[in-house]
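Here is what each chain is made of, one letter per residue.
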Amino acid sequence: MTSANAPLLPKLIGERVKRREDPRLIRGLATYVDDLKLPGMLHLAFRRADIAHGVIRRIDVSAAAAMEGVELALTGAELAEHLGPMPIGTPFPAPDHYSVAVDRVRYVGEPVAVVAAADRYLARDAADAIEVEYDELPAVVDPEAAMADGSATLHEGFARNVAVGGYQGGTGVNAETAQAEDDSAMDAAFAEADVVISQCMLNQRLAPNAMEPRGVVARYEAGSDYLTIWSATQNPHILRTLAAGMLGLGEHQVRAIAPEVGGGFGCKINIYGEEYAAAALSRLTGAPVKWIEDRTEAFLATTHGRDILGDVEIAAKRDGTILALRAQLLADIGAYEVLLTALIPTLTGMMMNGVYRIPVVRHELTEVFTNKTPTDAYRGAGRPEGLYFVERAVDMLARELDMDPAELRRRNFIPAAEFPFPTQSGLVYDSGDYEAALDTALAAADWESLKAERDAARAEGRIVGVGMAFYVEVCGLGPSSVVPTGGWEHSGVTIERGGKVTATTGASPHGQGNETTFAQMLADHFSVPIGDIAILHGDTGVVKQGIGTFGSRSQAVGGAALMLAAGRAGDKMKRFAAALMADHEASPDDLVFESGRIQVAGAPEVSRSFAEVADFAYVPVPLPAGLEPGLSEEAFFEPENNTYPFGCHISMVEIDRDTGEPRLLRLIAVDDCGNVINPLIVEGQVHGGLAQGIGQAMFEEVVYDEDGQPLTASFMDYVMPRAADLPAFELERTVTPTPVNPLGAKGVGEAGTIGSSPCVVNAAVDALAPFGVRHVDMPLRPERLWRLIHDRDQNGGQP
Amino acid sequence: MSETVPITVRVNGRERTAAVAPRLLLVHFLRESLNLTGTHVGCDTSQCGACTVLLDGRSVKSCTVFAVQADGEEVQTIEGLAAGDDLHPLQDGFWEEHGLQCGYCTPGMIMSALNLLRENPSPDDARIREGISGNICRCTGYQHIVNAIRNAAERMAPA
Ligand code: FES
Ligand code: FES
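**Student:** Sorry if this is basic, but what is going on with the overall build of chain B here?
**Tutor:** Scanning chain B for helices and strands turns up 5 helices and 5 strands. In chain B, the succession of helices and strands from N to C terminus is β-β-α-β-β-β-α-α-α-α. Over its C-alpha trace chain B gives a radius of gyration of 16 Å, about what one expects of a compact globule, namely 15 Å for 159 residues. For chain B, the proportion of its 159 residues judged to be buried stands at 57%.

**Student:** Explanation requested: the nonpolar core in the structure shown.
**Tutor:** In a soluble, globular protein the nonpolar side chains are often hidden away together inside. Membership of the largest hydrophobic core comes to 163 residues, with the highest contact counts inside it found for Tyr429, Tyr434, Phe470 and Ile650 of chain A together with Phe94 and Ile149 of chain B. Top contributing element to this core by residue count: helix H11 (residues 383-401) of chain A, with 10 residues. Core analysis: the second largest hydrophobic core is formed by 44 residues, Val216, Leu227, Ala244 and Leu339 of chain A among them.

**Student:** Before we go on, may I ask you to explain the sheet that holds strand S17 (residues 360-369) of chain A in this structure?
**Tutor:** Strand-to-strand pairing in sheets goes through backbone hydrogen bonds, with the strands running parallel or antiparallel. All names here are of chain A. Pairing is mixed in the open sheet, where 5 strands are placed in the order S7-S17-S16-S15-S10. Because the sheet does not close on itself, it has two edges, and the strands there are strand S7 (162-170) and strand S10 (195-206). Adjacent strand axes in the sheet meet at a mean angle of 10° when their direction is disregarded. Examined bridge by bridge, S7 and S17 share 6 bridges and lie antiparallel to one another. Each residue of the ladder has a partner; that of Gln168, found in S17, is Glu364. Each of S10, strand S15 (305-316) and strand S16 (322-334) is contacted by H11, which is oriented at about 145° to S10, the strand it contacts most.

**Student:** Any chance you could explain the pairing of strand S3 (residues 52-55) of chain B here in plain terms?
**Tutor:** In summary, the side chains of a regular strand alternate between the two faces of the sheet. Residues and elements named next belong to chain B. The alternating pattern of S3 places Thr52 and Leu54 on one face and Val53 and Leu55 on the opposite face, and all of these are buried. Following S3, the chain reverses through 2 residues before pairing antiparallel with strand S4 (residues 58-61); Asp56 in that reversal takes a positive phi of roughly 50°. The pairing of S3 with strand S5 (residues 74-76) spans 2 bridges and is classified as antiparallel. Of the residues in S5, the one forming a bridge with Leu55 is Val75.

**Student:** Sorry, what's going on with a negative patch on the surface here?
**Tutor:** Residue and element names in this part refer to chain A. On the surface, Asp50, Glu136, Glu706 and Asp707 cluster together to form a negatively charged patch. Its place among the elements puts Glu136 in strand S6 (residues 131-136). What makes Glu136 exposed here is its relative accessible area of 59%.

**Student:** I would appreciate a short explanation of the confidence of the model for chain B in the present structure.
**Tutor:** Parts of the prediction with low pLDDT should not have their coordinates interpreted in detail. On average, residues of chain B score 96 in pLDDT, and 98% of them reach the 70 mark or higher. The ipTM, which scores confidence in the relative placement of chains, is 0.98 for this predicted complex, and the corresponding pTM is 0.96.

**Student:** Please clarify how the packing of aromatic side chains should be interpreted in this entry.
**Tutor:** How two aromatic rings sit relative to each other is given by the distance of their centres and the angle of their planes. All names here are of chain A. One pass over the structure, following the stated rule, counts 21 aromatic pairs over all chains. The interplanar angle of 70° and the centroid separation of 5.7 Å between the aromatic rings of Phe92 and Tyr167 together place this pair among those described as edge-to-face. With Phe92 in the loop between helix H3 (76-79) and strand S4 (104-105) and Tyr167 in strand S7, this residue pair connects regions lying 75 residues apart in the sequence. A residue is classified by how much of its surface remains accessible, and Phe92, at 14% relative accessible area, is buried. Judged by relative accessible area, which is 31%, Tyr167 ranks as partly exposed.

**Student:** I would appreciate a short explanation of the domain arrangement of chain A in the present structure.
**Tutor:** Interface size is often expressed as the accessible area that is lost when the parts come together. Residue and element names in this part refer to chain A. Along its sequence, chain A is carved into domain 1 (3-29 + 481-637), domain 2 (39-139 + 209-301) and domain 3 (384-475 + 642-794). Computed over C-alpha atoms, the centres of domain 2 and domain 3 are 38 Å apart. Taken together, the contact between domain 2 and domain 3 spans 12 residues of the former and 12 residues of the latter. Between domain 2 and domain 3, a total of about 910 Å² is buried, with carbon and sulfur atoms accounting for 66% of that surface. Looking only at domain 2, the three residues that lose the most surface to domain 3 are Val108, Asn209 and Phe299, adding up to 45% of its buried area. Applying the counting criterion to the domain 2 and domain 3 interface returns 0 salt bridges. Between domain 2 and domain 3 we count 2 residue pairs in polar contact (both at pLDDT 80 or more) in total. Residue classes in the side of domain 2 that touches domain 3 are distributed as 8 nonpolar, 2 polar and 2 charged.

**Student:** It is not clear to me how the domain arrangement of chain B should be interpreted in this structure. Could you clarify?
**Tutor:** All names here are of chain B. Domain parsing of chain B yields domain 1 (5-80) and domain 2 (89-156). Domain 1 and domain 2 are separated by 21 Å when their C-alpha centres are compared. Listed per partner, the contact involves 18 residues of domain 1 and 14 residues of domain 2. Along the contact surface separating domain 1 from domain 2 lie 0 salt bridges.

**Student:** Whenever I open this one, the pattern of salt bridges confuses me. Can you help?
**Tutor:** Applying the stated rule across the entire model yields 62 salt bridges over all chains. The salt bridge partner of Arg24 of chain A is Glu515 of chain A, with a shortest N-O separation of 2.8 Å. Here Arg24 of chain A is found in helix H1 (residues 22-26), whereas its partner Glu515 of chain A is found in helix H15 (residues 514-526), with 491 residues between them in sequence. As a salt-bridge pair, Asp532 of chain A and Lys500 of chain A come within 3.2 Å of each other at their nearest N and O atoms. Taken together, the residues Asp532 of chain A in the loop between H15 and strand S23 (533-537) and Lys500 of chain A in the loop between strand S21 (489-495) and strand S22 (501-505) connect sequence positions 32 residues apart. Residues joined in a network through salt bridges with shared partners are Asp34, Asp35, Arg120 and Lys290 of chain A together with Arg31 and Glu32 of chain B.

**Student:** Quick question: what am I supposed to make of the interface of chain B and chain A here?
**Tutor:** On the side of chain A, 56 residues touch chain B, which itself brings 51 residues to the contact. Around 4,700 Å² of area is buried between chain B and chain A when both sides are counted, 54% of it from carbon and sulfur atoms. Three residues stand out in chain B for area buried against chain A, namely Trp95, Tyr104 and Arg138 of chain B, and they jointly supply 19% of the buried area on that side. Where Arg31 of chain B meets Asp35 of chain A, a salt bridge forms, and the shortest distance between an N and an O atom there is 2.7 Å.

**Student:** Any chance you could explain H11 of chain A here in plain terms?
**Tutor:** Side chains three or four residues apart in an α-helix point the same way, a direct result of the helix having 3.6 residues per turn. Relative to the 27 Å expected for 19 residues at 1.5 Å per residue, H11 of chain A spans 27 Å between its end C-alpha atoms, a close match to the ideal helical length. Most of H11 of chain A is tucked away: 17 of the 19 residues are buried.

**Student:** What is the right way to look at the layout of surface pockets in this model?
**Tutor:** Each pocket or cavity is described by its volume, and for the second largest pocket that value is around 780 Å³. The wall of the second largest pocket is formed by 32 residues, among which Arg124, Ile292, Asp294 and Glu297 of chain A together with Asp44 of chain B lie closest to the centre.

**Student:** Explain unusual backbone geometry here, please?
**Tutor:** Note on backbone geometry: most residues besides glycine have negative phi, and most peptide bonds are trans. All names here are of chain A. That bond from Val621 to Pro622 is cis: its omega, -5°, falls within 30 degrees of zero. Phi is positive for Asn209, which is not a glycine, with a value near 55°. Its location among the elements puts Asn209 in the loop between S10 and strand S11 (215-221). What makes Asn209 buried here is its relative accessible area of 5%. Despite not being glycine, Asp225 shows a phi value in the positive range, around 50°. Overall, the relative accessible area of 37% leaves Asp225 in the partly exposed class.

**Student:** Can you walk me through helix H18 (residues 679-698) of chain A in this structure?
**Tutor:** All names here are of chain A. Taking 1.5 Å as the rise per residue, H18 with 20 residues should run 28 Å; its terminal C-alpha atoms sit 28 Å apart, in good agreement. Among the 20 residues in H18, 19 count as buried, and that is most of the element. Measuring from the backbone nitrogen of Leu680 back to the side-chain oxygen at the start of H18 gives 3.0 Å, which picks out Asn678 as the cap.

Each value, and the rule that gives it
- Residues numbered from 1 in each chain as written.
- Chains lettered and ligands numbered in written order.
- Predicted model: local features only at pLDDT ≥ 70, side-chain atom pairs only at ≥ 80, totals over all residues.
- Heavy atoms only, no water.
- Helix = DSSP H or I, 4+ residues; strand = E, 2+ residues; numbered from the N terminus.
- Rg over C-alpha atoms; globule rule 2.2 N^0.38 Å.
- Buried < 20%, exposed > 50% of the residue type's maximum accessible area, 1.4 Å probe, protein only.
- Core = buried A, V, L, I, M, F, W, Y, C linked by side-chain atoms within 4.5 Å.
- Pairing = 2+ DSSP bridges.
- Axes fitted to C-alpha atoms, helices over the stretch in contact; angles between N-to-C directions.
- Contact = heavy atoms within 4.5 Å.
- Patch = residues over 30% accessible without salt bridge, like charges linked within 9 Å, V, L, I, M, F, W, Y side chains within 5 Å.
- Areas by Shrake-Rupley, 256 points an atom, 1.4 Å probe, with all protein chains shown as cover.
- Salt bridge = Lys/Arg side-chain N within 4 Å of Asp/Glu carboxyl O.
- Lys, Arg positive; Asp, Glu negative; His and termini not counted.
- Charge placed at Lys NZ, Arg CZ, Asp CG, Glu CD.
- pLDDT = per-residue confidence, 0-100.
- Phe/Tyr/Trp six-rings, centres within 6.5 Å; stacked < 30°, edge-to-face > 60°.
- Domains from an automatic or database assignment.
- Buried area = accessible area lost by both parts, 1.4 Å probe.
- Polar contact = N/O pair within 3.5 Å; in protein donor to acceptor, adjacent residues only side chain to side chain.
- Nonpolar A, V, L, I, M, F, W, Y, C, P; charged D, E, K, R; others polar.
- Expected span 1.5 Å × (residues − 1).
- 1 Å grid on protein atoms, 1.4 Å probe; cavity = no way out; pocket = protein on both sides within 12 Å on 5 of 7 lines; lining within 4 Å.
- Points joined across faces, edges and corners; volume = space filled by probe spheres on them.

Structure follows, in structure tokens:
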């Protein structure tokens, strides 16, 4: 019974532990939704609108229905008899939106009919055989023109295509009505200003492009009135709730499963019409059905991100003190509001304080419908847009004042001593040390030499610039008061017979590595080998409750729930152990977990093995007083606040004078996400975020023509970064723990995305400054840059 | 749709015969007919590389090859890479260096890297980045993938 020779288990939190999810993935043995096969399964295909706006004059599915192997073909009107309008998750008014359009189409790619057939090739053939005729309506494409007199409108009851109109926040605004009541501070700040910077900028529309397209398998069992739905989703519990509502079932009649999911980036939060349609068609046909999106459908029918125009003004003193910032925001949300559509741009408005102690900040937000794919969350979801506007404007101010951009930022930072810091928009930043992050970044980049290098390159005639951006973001969402679905997370921890541990989490990772980080935490908590721990997720039949993975919340909220449940299970286990060690009069409070044993602190000779205590808990003879048998506990964690990670990114960009092609030479990223469980995984998250932010800055843009036809509907026309487009990133971290959860972890999933876009654009503008350029919109298209260089050259603007 | 063509393909060392529709894509033959679902589909336009397999030792995008074109040929997929429980050095490299997150691009990425290392057993980082430029990863930013391939190249180098 002594542990004298037992090897001590190393602590794992903070270590670069290799991921436990990898073996199945690197061997090709993981099960994504398209890998599922059920007996008798049918395949769905959707016929989609090929015009942007029109009334369905005639639709005929009879030819499709008559094809051999076709089980069912339904128009939107027919499906609407079984499925009502889809729910959304925001409090804003929204027009009706059906899974399959009933009488009118509002964007290219909107489904108009659905077929179920014996295989996917047949289903596609049948969808193609459906006949549809439209009376075309004028397409609404430009968000400003959408609000003009005489513009066509998309939805009855939404005059001038306005979904959310004149929604204000910040200084002098009544938070209840979202309307300004007092302009005096704003007026005074602008009156006092020595300098005013004003710029209109577009944060362009992007396609999230998870490499796995969406997909769903639905099986409705009529005998038991039970729906099982597998979906490539970030949040199976939300899917369960909404699918149950749409099908007229209770949550007890629905099991939602997110199998292996090939990336989400926000676009797999929304619950889509295809998911509801699959469930309905399984019920109607009596067979399991599968639908797998192809890439072109993903460009058309999976939500887009961003697409906000920001008109930003900064008022400042000549010494660089920022007095006020105001912004007019216009979001082009596409044709409908889906789950979080209308909410995302409000986050942009909330972030307009950036990392600065700006005393007067206000935004006014308008959201308009256009004949485009609906928008929703995309990595960062509203925060990258806000920080882009702030960081571009601050950079312009530095240039205007001829100040070093690092110095200007330092002068305006919220000081470390002032946290928690209430912003003008009503957020409370939890913790921060922005100067430390700046100093770390300046040292890592060797800022002064970097600038000297730029100057030397310029002297050789090269077009080179350096740029910097700072960010803060809202993560770890969040208190239930701010998250429409509820902001808590749930976890269960069971210590099994034999001493193995099974934990469940309502977080639903799809690449974030929580099977590893959560196991690291439990291994340390119980002092057992990591191989003895299973982390289960993504199945509402296994995980009792949950919200899901988005907004960089799985560690900060899901991890905190896990540790609450682990604490409860561990406490109970110690009581069983104390009963077993009654001879030694051990009190549960004196017991500790150590390397597979439970022992008296400071007296390791008094101990029992973890497995022995676990076995006793399930056959407790005699049952210790006051205890129930078993070791299975659960917990909900409700955070008291969001978390606010931050960081500083620095980059160097060169632009080819002859072709206009930009090249990112260096990117230095300092990120502070609080305490870190696994640095290897955190680095991976930052790398991936950087690539997406750089993608927005340099390459990516969803483009529509004037008829609302998408010009970017495949990987041939929508450019994402490839390996050779990117440099090796240089990462550093500072650590400022958050006080809002016991782990001190803030979340890191979105960080890299937010800082990198403005950082790269700031560097590009620095490169182009000698040509008189103040601003250039993303993406940094070679053609756009070439014109800026050569138009100036012709005008004698050559440096 | 009733017309089928008989084909014989050696897949991961095992001979498979089947009667397939002429328009059946190789990737669907592997995934649907043979249940080898490690090869993924990420696009319809041979841009993403998620479907990369080796056809007679050379990497191809199996979404752009008909199954009938593989008749009489040898196909290697991700499932055929490990020898029993012994991972291939590229698999070890990806695991060791955290070369994957969601894992969806990974099989194709590994098969492309295999092709690269056969042509150039000790590529520098620029060559590695070039060599996997037919494959898109949306999760990793590629840096850990580059590390993974370098790691594998070192393991595979003759001692
Ligand atoms: S699926 Fe074959 S290249 Fe994308
Ligand atoms: S790991 Fe997700 S796409 Fe590469």
